[in-house]
Amino acid sequence: MPRTLAAVVLVIHGLVHLMGTSLLWKWGQPGELHYGDVRPEAGSTAAMVVGGAWLIALLLYLVTAALLATGRPAWRPVGLLAALVSTVVLVPSASIAWAGLAVDVAVFVGVAVSVTAVKRSREAVGARSHG
């Protein structure tokens, strides 16, 4: 259940990145977000590039969620990359994106905890086989 819940949160967070792309590419102003809320300036060449990075973060989070939900360990490096890209694109809009940054931090922590748990498990198995 926790893995499924985490995957759902990652999907939702990823989809929120579509809102950023929408703003930056001037597709629309979703909810209470406005073109003036984002940096770089919506519709500019720089915004097109950054909007593409928001879209990449969306795709990476969707892949991470699928890998996590199916129990594949590849969720860790993909999730790490997703959180990194997400953090980079969210920082300029931190005043409106604090919740997204919190999810990114949770992903960084989750990956670290998971990697540490796997390492300890392998060390314990190794110690038993040599002991």
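Values in this document were obtained by computation on a predicted structure and should not be read as measured data. (Residues numbered from 1 in each chain as written. Predicted model: local features only at pLDDT ≥ 70, side-chain atom pairs only at ≥ 80, totals over all residues. Heavy atoms only, no water.)

Attention shifts here to the environment of Val109. With respect to the helices and strands, the residue Val109 is situated in helix α4 (residues 94-130). Separated by 29 residues in the primary sequence, Val109 and Leu80 have C-alpha atoms spaced 9.7 Å apart. (Helix = DSSP H or I, 4+ residues; strand = E, 2+ residues; numbered from the N terminus.)

On the surface, a cluster of nonpolar side chains totalling about 240 Å² of accessible area is made up of Val8, Ile12 and Val16. By the secondary structure assignment, Val16 is in helix α1 (residues 2-24). A relative accessible area of 39% means that Val16 is categorised as partly exposed. (Patch = residues over 30% accessible without salt bridge, like charges linked within 9 Å, V, L, I, M, F, W, Y side chains within 5 Å. Areas by Shrake-Rupley, 256 points an atom, 1.4 Å probe, with all protein chains shown as cover. Salt bridge = Lys/Arg side-chain N within 4 Å of Asp/Glu carboxyl O. Buried < 20%, exposed > 50% of the residue type's maximum accessible area, 1.4 Å probe, protein only.)

Before going further, it helps to spend a moment on the packing of aromatic side chains. Counted under the stated rule, the structure contains 1 aromatic pair. Ring geometry for Trp25 against Trp27: centres 5.1 Å apart, planes inclined by 75 degrees, an arrangement best described as edge-to-face. Taking NZ or CZ as reference, Lys26 lies 5.2 Å from the ring centre of Tyr35, over its face. (Phe/Tyr/Trp six-rings, centres within 6.5 Å; stacked < 30°, edge-to-face > 60°. Lys NZ or Arg CZ within 6 Å of the ring centre and 35° of its normal.)

The next thing to look at is unusual backbone geometry. Omega for the bond connecting Arg39 with Pro40 falls within 30 degrees of zero, at 0 degrees, which places this linkage in the cis form. Among the secondary structure elements, Pro40 is positioned in the loop between α1 and α2 (45-69). The phi dihedral of Lys26 is positive, around 60 degrees, even though this residue is not glycine. With relative accessibility at 46%, the residue Lys26 sits in the partly exposed group.

Moving on to the side chain of Thr64. Structurally, Thr64 can be placed in helix α2. By relative accessible area, which is 1% here, Thr64 ends up buried. Beyond its immediate chain neighbours, meaning those up to four positions away, Thr64 contacts Leu10, Trp75, Val78, Gly79 and Ala82. (Contact = heavy atoms within 4.5 Å.)

This part takes up the environment of Thr64. Taking the C-alpha atoms as reference points, Thr64 and Val107, separated by 43 residues in sequence, lie 10 Å from one another. Here the side chain of Thr64 touches Gly79 through a polar contact of 3.3 Å, landing on its backbone nitrogen. (Polar contact = N/O pair within 3.5 Å; in protein donor to acceptor, adjacent residues only side chain to side chain.)

Our focus in this paragraph is α2. Taking 1.5 Å per residue as the helical rise, α2 with its 25 residues ought to reach 36 Å, and the 37 Å between its terminal C-alpha atoms agrees with that figure. By the burial criterion, the buried members of α2 are Ala47, Gly51, Gly52, Trp54, Ala57, Leu58, Leu60, Tyr61, Thr64, Ala65, Leu67 and Leu68. After α2 finishes, the residue Gly71 shows a positive phi value of roughly 75 degrees. (Expected span 1.5 Å × (residues − 1).)

Turning our eyes to something else, we now look at the confidence of the model for the chain. With 96% of its residues at a pLDDT of at least 70, the chain reaches an overall mean of 92. Within the chain, the element-level pLDDT minimum falls on α4, averaging 87, and the maximum on α2, averaging 97. (pLDDT = per-residue confidence, 0-100.)

Let's shift gears to the packing of α1 against α2. One way to put it is that α1 packs onto α2 with a least axis distance of 8 Å and a crossing angle of 165 degrees. Between α1 and α2, the angle falls in the class roughly antiparallel. The crossing of α1 and α2 is left-handed. (Axes fitted to C-alpha atoms, helices over the stretch in contact; angles between N-to-C directions. Parallel < 35°, antiparallel > 145°, perpendicular 65-115°, else oblique. Left-handed = near helix turned anticlockwise from the far one by under 90°.)

Below, the discussion takes up the environment of Pro92. Counting through the fold element by element, Pro92 comes out in the loop between α3 (75-90) and α4. Taking the C-alpha atoms as reference, Pro92 lies 9.9 Å from Asp37; in sequence the two are 55 residues apart.

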